[in-house]
Amino acid sequence: MPDMPPAHPFDFDSDKLKEECGVFGVTGVADAANFVALGLHALQHRGQEAGGIVSHDAEQGFNSARRFGYVRDNFTKQSLMDTLPGPLAIGHVRYSTAGSKGNTQIRDVQPFFGEFSMGGAAIAHNGNITNAVALRRELIGAGSIFQSASDSECIIHLMARSLQRKVPERMQDALRRVEGAFSIVAMTRTKLIGVRDPLGVRPLVLGSLGDGWVLSSETCALDIIGARFEREVEPGEMVVIEDGKVQSHRPFAPQKPRFCIFEHVYFSRPDSILGGRSVYETRRAIGVELAREAPVEADLVCPVPDSGTPAAIGYSQESGIPYAMGIIRNQYMGRTFIEPTEQIRNMGVRLKLNVNRALIKGKRVILVDDSVVRGTTSIKIREMILDAGAAEVHFRIASPPTAWPCFYGVDTPEREKLLASHMSAEQMRDHLKVDSLRFISLDGLYRAVGEKKGRNPKSPQYCDACFSGQYPVAPSDMIDKGFTLAAE
Ligand code: SF4
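As the structure is a prediction and not an experimental result, all values here were calculated from the model.

Q: Can you tell me about the overall build of the protein, naming the residues and giving the values?
A: Looking only at helices and strands, one finds 18 helices and 27 strands in the protein. A compact globule built from 488 residues should have a C-alpha radius of gyration of about 23 Å, and the protein, at 23 Å, falls within 12% of that. The C-alpha extent of the protein, read off along each of the three principal axes, is 70 × 50 × 40 Å. Expressed as a percentage of the 488 residues in the protein, the buried residues total 59%. Residue pairs in contact within the protein that sit at least 24 positions apart in sequence constitute 68% of those at least 6 positions apart.

Q: Describe the site of the ligand, listing the residues and the values that go with them.
A: Around the ligand, the surrounding shell holds 13 residues, and the nearest of these are Arg202, Cys260, Cys406, Cys463 and Cys466. Listing elements by their share of the shell around the ligand, those giving two or more residues are α8 (262–267) and α17 (465–468). Both domains that meet at the shell around the ligand, namely domain 1 (11–260) and domain 2 (280–453), each give it at least three residues.

Q: Can you tell me about the environment of Gly314, naming the residues and giving the values?
A: As for its position among the elements, Gly314 is in helix α10 (residues 309–319). On the basis of relative accessible area, Gly314 is assigned to the buried category, the value being 0%. Those residues in contact with Gly314, other than ones at most four positions away along the chain, are Arg284, Gly287 and Val288.

Q: Could you give an account of the sheet that holds strand β23 (residues 364–369), naming the residues involved and the relevant values?
A: Taken in spatial order, the 4 strands line up as β19-β23-β24-β26 in an open sheet, and their pairing is parallel. Looking at strand neighbours, the two that pair on one side only are β19 (300–303) and β26 (436–439), the edges of this open sheet. Between one strand axis and the next, the sheet turns through 20° on average, direction left out of account. Of the pairings in the sheet, the one linking β19 to β23 comprises 4 bridges and is parallel in character. Paired with Val301 across the strands is Ile366, a residue of β23. In this fold helix α13 (residues 376–387) packs onto β23 and β24 (392–397), with an angle of close to 145° to the strand it touches most, β24.

Q: So, the sheet that holds strand β10 (residues 192–196): which residues are in play, and what are the values?
A: By way of backbone hydrogen bonds, the strands of a sheet pair with one another, either parallel or antiparallel. Ordered in space as β7-β8-β9-β10-β14-β15, the 6 strands form an open sheet in which the pairing is antiparallel. Two strands lie at the open edges of the sheet, namely β7 (112–116) and β15 (245–249), each paired on one side alone. Across the sheet, the mean angle separating the axes of adjacent strands is 20° when strand polarity is ignored. Note that strand β8 (residues 119–129) and strand β9 (residues 180–187) share 8 bridges and pair antiparallel. What sits directly across from His125, in β9, is Ile184. Contacts from helix α5 (residues 153–161) reach β7, β8 and β9 within the one sheet, and its direction differs from that of β7 by about 10°.

Q: Tell me what's going on with the nonpolar core, and back it up with residues and numbers.
A: The nonpolar side chains of soluble globular proteins are, as a tendency, buried together. Counting 76 residues, the largest nonpolar core has Phe262, Leu367, Ile385 and Tyr408 as its most contacted members. Here this core gathers at least three residues from each of two domains, domain 1 (11–260) and domain 2 (280–453). Discounting chain neighbours no more than four positions away, the residues touching Tyr408 are Gly127, Asn128, Thr130, Ala181, Val201, Arg202, Cys463, Tyr471, Pro472 and Val473.

Q: Outline the environment of Cys21, supporting the account with residue identities and numerical values.
A: Note on placement: Cys21 falls in strand β3 (residues 21–27). When the C-alpha atoms of Cys21 and Gln48 are compared, they prove to be 8.8 Å apart, with 27 residues separating the residues in sequence.

Q: Pulling in residues and values, what's your account of the pairing of β15?
A: For strand β14 (residues 238–242) and β15, the ladder comprises 5 bridges, and the chain directions are antiparallel. Directly across from Ile241, in β15, lies its bridge partner Val246.

Q: Help me get a handle on the packing of helix α4 (residues 132–141) against α5, residues and values and all.
A: With their axes 10 Å apart at the nearest point, α4 and α5 run at an angle of 45° to one another. Overall, the two elements α4 and α5 adopt an arrangement that is oblique. Relative to α5, the crossing made by α4 is left-handed. Residue-level contacts link Ala132, Leu135, Arg136 and Leu139 of α4 to Cys154, His157, Leu158 and Arg161 of α5. Looking at the contact of α4 with α5 residue by residue, the class counts come to 5 nonpolar, 1 polar and 2 charged.

Q: Mind laying out the environment of Gly143, listing which residues take part and the relevant values?
A: Structurally, the position occupied by Gly143 is in the loop between α4 and α5. In this structure, the C-alpha to C-alpha distance between Gly143 and His157, residues 14 residues apart in sequence, is 9.9 Å.

Q: Pulling in residues and values, what's your account of the side chain of Gln172?
A: Among the structural elements, Gln172 can be located in helix α6 (residues 167–176). Other than its neighbours up to four places away in sequence, Gln172 contacts Met238, His249 and Pro251.

Q: How would you explain the pattern of salt bridges if you had to name every residue and give the values?
A: Across all of its chains, the model carries 25 salt bridges by this definition. Residue Arg202 pairs with Glu263 through a salt bridge whose shortest N-O separation is 3.2 Å. One end of the pair, Arg202, is in the loop between β10 and β11 (205–209); the other, Glu263, is in helix α8, with 61 residues separating them in the sequence. Residues Arg202 and Glu263 agree in their burial class; the two are buried. A cluster of three or more residues bridged by salt bridges with shared partners is formed by Glu289, Arg292, Glu293, Glu318 and Arg447.

Criteria and cut-off values
Residues numbered from 1 in each chain as written. Predicted model: local features only at pLDDT ≥ 70, side-chain atom pairs only at ≥ 80, totals over all residues. Heavy atoms only, no water. Helix = DSSP H or I, 4+ residues; strand = E, 2+ residues; numbered from the N terminus. Rg over C-alpha atoms; globule rule 2.2 N^0.38 Å. Buried < 20%, exposed > 50% of the residue type's maximum accessible area, 1.4 Å probe, protein only. Contact = heavy atoms within 4.5 Å. Near = heavy atom within 4 Å. Domains from an automatic or database assignment. Pairing = 2+ DSSP bridges. Axes fitted to C-alpha atoms, helices over the stretch in contact; angles between N-to-C directions. Core = buried A, V, L, I, M, F, W, Y, C linked by side-chain atoms within 4.5 Å. Parallel < 35°, antiparallel > 145°, perpendicular 65-115°, else oblique. Left-handed = near helix turned anticlockwise from the far one by under 90°. Nonpolar A, V, L, I, M, F, W, Y, C, P; charged D, E, K, R; others polar. Salt bridge = Lys/Arg side-chain N within 4 Å of Asp/Glu carboxyl O.

Listed below in structure tokens is the structure:
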């Protein structure tokens, strides 16, 4: 049922921030859509709700397929892949985008396609447009007819209204009107295009595959198709790939980059490379910093799997306290679109995580997790660990307190629902009822990502708005709705 929205999605990872999208594109190889499907499969952690692929073939023109659910359940079917021929294709996986949470329609699923006077173009967007409401109002007033609830569709309409002749120039015109975060993969009949916003908030990399070229949100998706990592698309850069050649353009006024520091902590896969650094190694270094900043006497260091694992290894190495798999994750319990009964809903995290009782009993346990959002999962995990007979429970968190929502392409609860927005670390410890709770400091996190002197408070090197409240791009739509920024 490709055109029906998924009913009642139930998320076993509901207490995590969620990256909303992954993008992938290939040109210059036969049956490019097959490679895109594999790339999207490797990017599935960036969005599990739906996926789409657009391809172009000289004889059959543009073709598109958009489906709800996992890539592996849709884009492995030969009958579907046969409808996506050609040497050029782009794709997108999504969690959900602004304006359509919980009410997704197939028309909201990317890539979006537009037929312009000079030919068609398809576009897949990772990020969030922070002035989309104002742009949409203006575009509708000028006669644009929107097909979806997605902020990304604004880009197609802005391109349609541009007076430029060629698609890359039209896209540049459009993107100069757009505020916020965008890493975009787009295509025309002959060109594969990649763009990053001037701050480079979300990742985008360039790879080569024989004589062909690849664009991807992360390097882990290059590996799956045997592509070679060439370089990152730089903040503010547009690459246009045609006839096997890559041209680089700089359509925006230069700005100091502000890459999302949370990509290092949680969103990206640990086998990806970000900014020349292994994500795994950065997460291990966060654990080392945490052990230095927040030591405690204990018997075991256990990760909250899977994302807490590298930091727990680092904590254990630095502290000398043995590492143990005290919690085991059921790998097959992800997001599901089957409506759970109330009884199943109450089981919550127990469906996904189970305590290794034989290891935990009588032990003082340090649990290392990547973040605390609402705190609901942390409470359940503490209950499970104490039920298994742990003598003490100490939480160590591999990110600073998440006190502010993200407006740059990450699904975050409203500010009031973030525990750290209204509680100190000590109040959170009381609330979670654990023996101790410590977060890595912002400076410690910056050191772990390679900034020797920590965070430069006058000119931070990354976006860290969800920790600091300092937004590198004012979220103008949200301010119009009454959102209050942090005092300077
Ligand atoms: S607000 Fe947080 S999650 Fe969003 S881009 Fe900035 S660092 Fe990343």
